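Notes for the structure review
Now for the letters of each chain:
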Amino acid sequence: MEDAIVAILRSGTPLVYVTLAGVLAQRAGIWHLGLEGLMIIGACSAVLGVVQTGSLVVGLGIGIALCVLASALLWFVIEKLRANPIIAGLGLTGLGLGGTDLAVQAIYGSQASVNAPYGLPRLGPAFGAFGVLSVLVVLMPLVVFAVWVLVRRSRWGLQLTACGEHPFAARSVGVSPSRMRLYALCLGGVLCALGGAELSMGSLQIFAYGMTAGRGFMAFAAVIFGAANPLGATAAAFFFAIVQALGIRAQILFGDKVPHDLLLALPYIATVIGIWISGRLRGGAKAATSFGELRDY
Amino acid sequence: MTSGPNAIECRGVSVEYGDVKALIDVSVGFAPRQIHAVVGQNGAGKTTFARVAAGIVQPVRGTLAIGGREVPVGSVGAARAAGIELVHQSFALPPSFTVAEAMEFGAASGRGVFTRGELQRRWRRHLESLGVTVSPRERIRDLPVETQQAVEIARALVTDAKVLILDEPTAVLSPSGIDNLFARLRVMQANGVTILLILHKIREVLSVAETVTVLRGGRLIEGPIPTAETDAGHLASAIIGSGLESLSTIDREALVGADDEPEHEATTPAMAAERSVPVLELRGVSTRADTEGPALRDISLAVGRGEIVGVAGVEGNGQRTLVRAVADLADLARGAIVLNGDDVTRRPLVERRASGLRVIPFERNTEGLSLSSPLWENWSARTLLLGGLLNLINPARLRRDCDDSLKTWDVRFSSSSQLAGSLSGGNAQKVILAREIDGTATLIIAAQPTRGLDVGATAFVWRALREAKARGCGILLISSDLDELFDISDRVVVMLSGRISGEFRPPYHLGEVGAAMTGAGR
């Protein structure tokens, strides 16, 4: 039982951080499909930073800086160059996947993965089976709560939601939707960097090409599933993590009877079903009102 | 007279949207603690003027002073800090917000973080102090439109507003709602607030405002002049820009609001007999609830040949559902829809159109036209939809036909391949008329056909409807403009909460119809 909880927390935590980033963007009116790219930039920078500088803080700092920079770039392309946010987000995902691969190739040659000498600080043996959990797992509930307060219980959050739902309403009380989107995306960049770092340094201490394996998109699905509410989206992220854990367990139990590929696909099938159910229940996600185009008249 | 600096003063304000000059060198000042009206046709620059004053629109030239102090233009923050608040024509509150959240998101004082209880307590007091009876827990999207406006005004007063600007506040209200609004404004005026009303009905101007200012084509024509020193006729010609003699009665009624009962041609027995087979009959129609509007409840309604039946009602009382039901876009729970004697309840829209149903939809730019498609494609949709799936399309011929048709309908366009989005509102509506009002039409549903159109285009639409009626078409006219309904309908039914709450024949009495619209009559 404890092992199962640990497994779910480990696979769920990176997803939660990235999901919260998606919630902020969704509230601001941007369908954020660049989460995957930001997550892998975060995962890669943390490992490479530690390997190159020997300092975990510097590694995390580089990851956060790069993710914020990439988010600001996404904002610039969407707001200033008037690009379609969905296409721009997918472009960012491509940039992240390709850029991290390029960085690894440039520094280490044709090596498939990079090992870090140590990972994030852990709770330690005093906590028994939970001792393997990293500080980011422990911080996760606090971050969820903080984002919830920010989005649902603060004036800033109301203004952010207005920017996504009715930009003109925001403008007519003197709030700039464009600037709010910059803030939301950059804050999301920080969260993606943390989610990526937890993925590569929380339990594995390794960076491998494409290691996010669609988790960014799963996080986006959790945003929609959770109706862009921080708590709902977190619950959705954990739902996906549980399905993933069940998938791994099922591989061990029934791996010889059921095709291996089918079990691997389980979390993704659950994602599709989850989105479908939430669509039937609510008629789509709140906040962002239009696909792609931002209308700010 | 009042003393002290003007509450709000514009000097040499010009606004351009691309090539379009929306305001040209407007200089005007409004005295404090009065109710001022700004009038003009559509496109005269009224809304732009209001938005410049509120800082939402950045003028290319000009200065703005509030209470005698210069304020940077194009900054909502600066304008609000100086005490200017604007209530928009189509409200600007996020629909998913609760009333309390809608108050809070524009507030400046107080802590930035709150619990739900704190928020509701704080704003319940604010709403009570303004006499707005609404629970702070209700969501904006669930409020009736009059409450929404009251909430919007309350939102504008969360800060210490000195100048309140309302953009066309009466457009969405029933007659009694308008009286309530004006009473509320007078209370605020007594509390020292300067009020600027953007209006388009001269009758309302004369009944509420102390001064009136006329804009035309983006220029200041007159004002502010005291309403006591002017009259409806003078204002009408100032708004139109020509002598009153050259105004048609229709135009004058559109502007002033019909004071006299319009004349209706007598119904001859022959016409009555022809009407005995209605072109449209709804028999006890109820629809299933959906997200798009209130469901219809047991609607029975007939439209005869050569008859215009007006549908009145405060917006959001099922008018849209009625149109959707006839156009096979709503889910019928009970009842039957009969077109020209044929029961079409279970038939798709294509077959209904084939038997003569035509719709001028509510939303010109989203339902009526595809703005990103060329004119000829928009125009041809009616024939192409009726044809079989594999019928070949002959674009050259369709273009030619479209050209001819649009010229007959006096659409100002350069080529039938230009995009529909490049037309002005009036011309876009004419394209829809050209498509929908053809020789084979037997029933025309006209939903808000003149909304947002200027006087000339409005008169054109009315003429087209009257001509269609003379040819024997039945017309179901849905409008929120009672003057329009009274002027051209043979009969007016009133919708309230998805039911028909009253039916009236000329001579119409504003009070009776108004009571049916709000349910006050029962």
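Here the structure is a predicted model, which means the values were calculated and not measured.

The accessible area lost on association of the parts is a frequent measure of interface size. Contacts between the two partners involve 18 residues from chain A, matched on the other side by 29 residues from chain B. Roughly 2000 Å² of surface becomes buried between chain A and chain B when both sides are summed, with 58% attributable to carbon and sulfur atoms. Among the residues of chain A in contact with chain B, R153, R155 and L158 of chain A are the three that bury the most area, contributing 35% of the side total. The tally of links from chain A across to chain B stands at 1 salt bridge. The residue E104 of chain B makes a salt bridge to R155 of chain A at a minimum N-O spacing of 2.9 Å. The tally of links between chain A and chain B comes to 9 residue pairs in polar contact (both at pLDDT 80 or more). Mapped by element, the contributors of at least two residues to the side of chain A that touches chain B are helix 5 (135-152), helix 6 (155-165) and helix 7 (167-172) of chain A. Sort the elements by how many residues they give to the side of chain A that touches chain B and helix 6 of chain A lands first, with 6 residues. The residue makeup of the side of chain A that touches chain B, split by class, is 7 nonpolar, 6 polar and 5 charged.

Our next topic: the side chain of S286 of chain B. Residues and elements named next belong to chain B. With respect to the secondary-structure elements, S286 resides in strand 11 (residues 280-287). At 2.9 Å, the side chain of S286 and the backbone nitrogen of D298 are in polar contact. Apart from residues lying up to four places away in sequence, S286 is in contact with L296, R297, D298, D331, L332, A333 and R334.

All names here are of chain B. The strand order 16-17-18-13-19-20 describes an open sheet built from 6 strands, whose pairing is mixed. Here the strands that pair on one side only, and so sit at the sheet edges, are strand 16 (357-360) and strand 20 (499-504). Taking the axes of each pair of neighbouring strands and ignoring which way they run, one obtains an average angle of 20° across the sheet.

What follows concerns the confidence of the model for chain A. Residue and element names in this part refer to chain A. Of all residues in chain A, 94% attain a pLDDT of 70 or more, and the chain-wide mean is 88. Mean pLDDT across the secondary structure elements of chain A bottoms out at helix 12 (residues 266-282), with 75, and peaks at helix 8 (residues 177-201), with 96. Below a pLDDT of 50 lies the segment residues 283-293, which in the model reaches 24 contacts outside its immediate sequence neighbourhood of four places, other chains included.

Before going further, it helps to examine the packing of helix 5 of chain A against helix 10 (residues 230-254) of chain A. All names here are of chain A. At a closest axis distance of 9 Å, the pairing of helix 5 and helix 10 adopts a crossing angle of 145°. Of the residues in helix 10, those touching helix 5 at M140, V144, V147, W148, V151 and R152 are P230, L231, T234 and F238. Class assignment for the residues of the contact of helix 5 with helix 10 results in 8 nonpolar, 1 polar and 1 charged.

Once that is clear, we can look at the sheet that holds strand 8 (residues 194-199) of chain B. Residue and element names in this part refer to chain B. Strands sit in the order 6-7-8-3-9-10 across an open sheet of 6 strands; the sheet is mixed. Across the chains shown, the open sheet's two edge strands, defined by having one partner strand only, are strand 6 (84-87) and strand 10 (219-226). On average, each strand axis in the sheet is inclined to that of its neighbour by 15°, with strand direction left out of account. Across 5 bridges, strand 7 (residues 163-167) lies against strand 8 in parallel orientation. Bridge pairing links L166 to L197 in strand 8. Sitting on the sheet, helix 5 (residues 145-156) is in contact with strand 6 and strand 7, with an inclination near 165° to strand 6. Lying over the sheet, helix 6 (residues 175-190) contacts strand 3 (35-39), strand 7 and strand 8, oriented at roughly 150° with respect to strand 8.

Our next topic: the pattern of salt bridges. Residue and element names in this part refer to chain B. Per the stated rule, a full pass over the model turns up 25 salt bridges over all chains. Linking E281 and R283 is a salt bridge whose minimum nitrogen-to-oxygen distance equals 3.3 Å. Measuring nitrogen to oxygen at the nearest pair gives 3.2 Å for the salt bridge that ties D438 to R358. Here D438, found in the loop between helix 16 (425-436) and strand 17 (443-447), pairs with R358, found in strand 16; they are 80 residues apart in sequence, far enough to count as distant. Neither residue differs from the other here; D438 and R358 are each classed as buried. The structure contains a network of salt bridges with shared partners spanning E307, R491, E503 and R505.

Moving on, we get to the pairing of strand 9 (residues 211-216) of chain B. Residues and elements named next belong to chain B. Burial of strand 9 is extensive: 5 of the 6 residues sit out of reach of the surface. Pairing between strand 3 and strand 9: 4 bridges, direction parallel. For V39, the partnering residue across the bridge sits in strand 9 and is V214. By the bridge criterion, 5 bridges tie strand 9 to strand 10 in an arrangement that is antiparallel. Within strand 10, the position partnered with L215 by the bridge is L220. Linking strand 9 back to strand 10 in an antiparallel pair, the connection comprises 2 residues, with G217 at a positive phi of about 55°.

So, how was this worked out
- Residues numbered from 1 in each chain as written.
- Chains lettered and ligands numbered in written order.
- Predicted model: local features only at pLDDT ≥ 70, side-chain atom pairs only at ≥ 80, totals over all residues.
- Heavy atoms only, no water.
- Contact = heavy atoms within 4.5 Å.
- Buried area = accessible area lost by both parts, 1.4 Å probe.
- Salt bridge = Lys/Arg side-chain N within 4 Å of Asp/Glu carboxyl O.
- Polar contact = N/O pair within 3.5 Å; in protein donor to acceptor, adjacent residues only side chain to side chain.
- Helix = DSSP H or I, 4+ residues; strand = E, 2+ residues; numbered from the N terminus.
- Nonpolar A, V, L, I, M, F, W, Y, C, P; charged D, E, K, R; others polar.
- Pairing = 2+ DSSP bridges.
- Axes fitted to C-alpha atoms, helices over the stretch in contact; angles between N-to-C directions.
- pLDDT = per-residue confidence, 0-100.
- Buried < 20%, exposed > 50% of the residue type's maximum accessible area, 1.4 Å probe, protein only.

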